[in-house]
Amino acid sequence: QMSDVLKKDKLKEGVSVLTLNRPEVLNSLNKELVDSLLDAFDEIYEDNSIRSVIITGEGRGFCSGADLAGGGWPSDPKWSPGESTANAMEIGFNPLVRKIVDCPKPVVNAINGISAGGGVGLALCGDLIIASESAKFKLVFGPQLGIISDVGASWLIPNLLGRARANGMALLGEDIDSNKALNWGLVYEVIPDDELKQKAIEYAIQLANGAITGLKAIVRAHDNALKNTLNEQLDYERDTQRVLCDGDVFKEGVTAFIQKRKPNFRDIE
């Protein structure tokens, strides 16, 4: 029995829709919600009928970060606050980021309203990120708490924005509204609030109809490029294409191209 802090819907096209469902606390991440997300992704990994994923939030915010009031993480009277925090990251937040990033199916993040703190890391760790017009991104770690950005945000933000903007965003803690997020390159597209979910579903179905192994390989290649030299990346491209171009998916793509029809990847992988 999954708890009701996470709503799970499966569309007939093979899209799993995960909705953070603690709107009364702007979907802040307590142990129950993080565990529910981890469990949901375990199922998504195993279920071959699921071909893409949407993560979004219920209510007026996407995610306000870690639940500092009632996180529910295991603690020990002997632990310092730092030890307790590091433990929650080790058993909860970090596995969640890895689970989403490593997911073998494409993940669409539909950011409705505010993302703050660790919610920014969660918002940005999907493969395709779209936001509502009312979306805002706010790094509160430094200005409010005197700590570094986490839930992956300290890696994602500088890699997406560069040092100057990443430092400004994290040092000043200002709201980055949807227009600025789009101009800066935090998100792919900004959608009117009432159309966000439908757009996310359209994109997720398009991805589900695609060659999902290849689509995920694209994202991995881009992540790889952030640490590779051009020379190393050229070798990576060669080694990856060697594998992909021997596969049935590529063969179907080429055949469909020659036959002037849409490829049918669903039946192959």
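Details of the structure are given in the entry above.
Because the structure is predicted, anything quoted here is derived from the model rather than measured. (Residues numbered from 1 in each chain as written. Predicted model: local features only at pLDDT ≥ 70, side-chain atom pairs only at ≥ 80, totals over all residues. Heavy atoms only, no water.)

### Description of the overall build of the protein
For clarity, the cut-off: What counts as a helix is a DSSP run of H or I of at least four residues, what counts as a strand is a run of E of at least two, and both are numbered from the N terminus. Only protein chains enter the area calculation, which uses a 1.4 Å probe; residues under 20% of their type maximum are buried, those over 50% are exposed, and those in between are partly exposed. Only heavy atoms enter the contact rule, under which two residues are in contact if any of them lie within 4.5 Å. Areas reported here follow the Shrake-Rupley algorithm with a probe of radius 1.4 Å; residue values treat only the protein chains shown as occluding. Charge assignment in this entry is limited to Lys and Arg as positive and Asp and Glu as negative, and neither His nor the chain termini are counted. By convention, charge coordinates are those of NZ in Lys, CZ in Arg, CG in Asp, or CD in Glu.
Within the protein, the regular secondary structure consists of 11 helices and 10 strands. Its C-alpha atoms give the protein principal-axis dimensions of about 65 × 45 × 40 Å. For the protein, with 269 residues in total, the buried portion stands at 43%. In the protein, the share of contacts with a sequence separation of at least 24, taken over all contacts with a separation of at least 6, comes to 68%. Surface summary for the protein: the accessible area is close to 14000 Å², and the carbon and sulfur share equals 54%. Side chains of the protein give 29 positive and 38 negative charges; the mean places of these two sets differ by 3 Å.

### Here's the deal with a negative patch on the surface
As a reminder, the rule being used: Every patch collects residues that have over 30% relative accessible area and no salt bridge, joining them within 9 Å if they carry like charges and within 5 Å if they are nonpolar side chains (Val, Leu, Ile, Met, Phe, Trp, Tyr). Counted as salt bridges are all cases of a side-chain nitrogen of Lys or Arg within 4 Å of a carboxyl oxygen of Asp or Glu.
Residues Glu133, Asp193, Asp194 and Glu195 make up a contiguous surface patch of negative charge. Its location among the elements puts Glu195 in the loop between strand E10 (189-191) and helix H8 (196-208).

### Topic: the packing of aromatic side chains
As a reminder, the rule being used: Note on ring pairs: Phe, Tyr and Trp rings are taken, using the six-membered ring of Trp, and paired if centres are within 6.5 Å. Classes follow the plane angle, with under 30 degrees stacked, over 60 edge-to-face and the rest tilted. Note on criteria: charge over ring means Lys NZ or Arg CZ within 6 Å of the ring centre, with the direction from the centre no more than 35 degrees off the ring normal.
Enumeration according to the criterion identifies one aromatic pair in this entry. Here the basic side chain of Lys99 rests over the ring of Tyr45, its NZ or CZ set 5.6 Å away from the ring centre.

### As for the layout of surface pockets
Spelled out, the test is: Space inside and on the surface of the protein is sampled on a 1 Å grid over the protein atoms alone, with a cavity defined as a set of points where a 1.4 Å probe fits but cannot get out and a pocket as an open set with protein on both sides within 12 Å along at least 5 of 7 lines; lining residues have an atom within 4 Å of a point. Grid points are joined across faces, edges and corners, and a volume is the space filled by probe spheres set on the points. When residues are grouped by polarity, Ala, Val, Leu, Ile, Met, Phe, Trp, Tyr, Cys and Pro land in nonpolar, Asp, Glu, Lys and Arg in charged, and all others, Gly among them, in polar.
The computed volume of the largest pocket comes to approximately 1200 Å³. Around the largest pocket sit 38 residues that line it, and Leu124, Gly126, Asp127, Val219 and Asp223 are the ones nearest its centre. Elements with a minimum of two residues in the lining of the largest pocket: helix H2 (81-101), strand E7 (128-132), helix H5 (153-161), H8 and helix H9 (212-225). Partitioned by chemical class, the residues of the lining of the largest pocket number 22 nonpolar, eight polar and eight charged. Empty space within the second largest pocket amounts to approximately 590 Å³.

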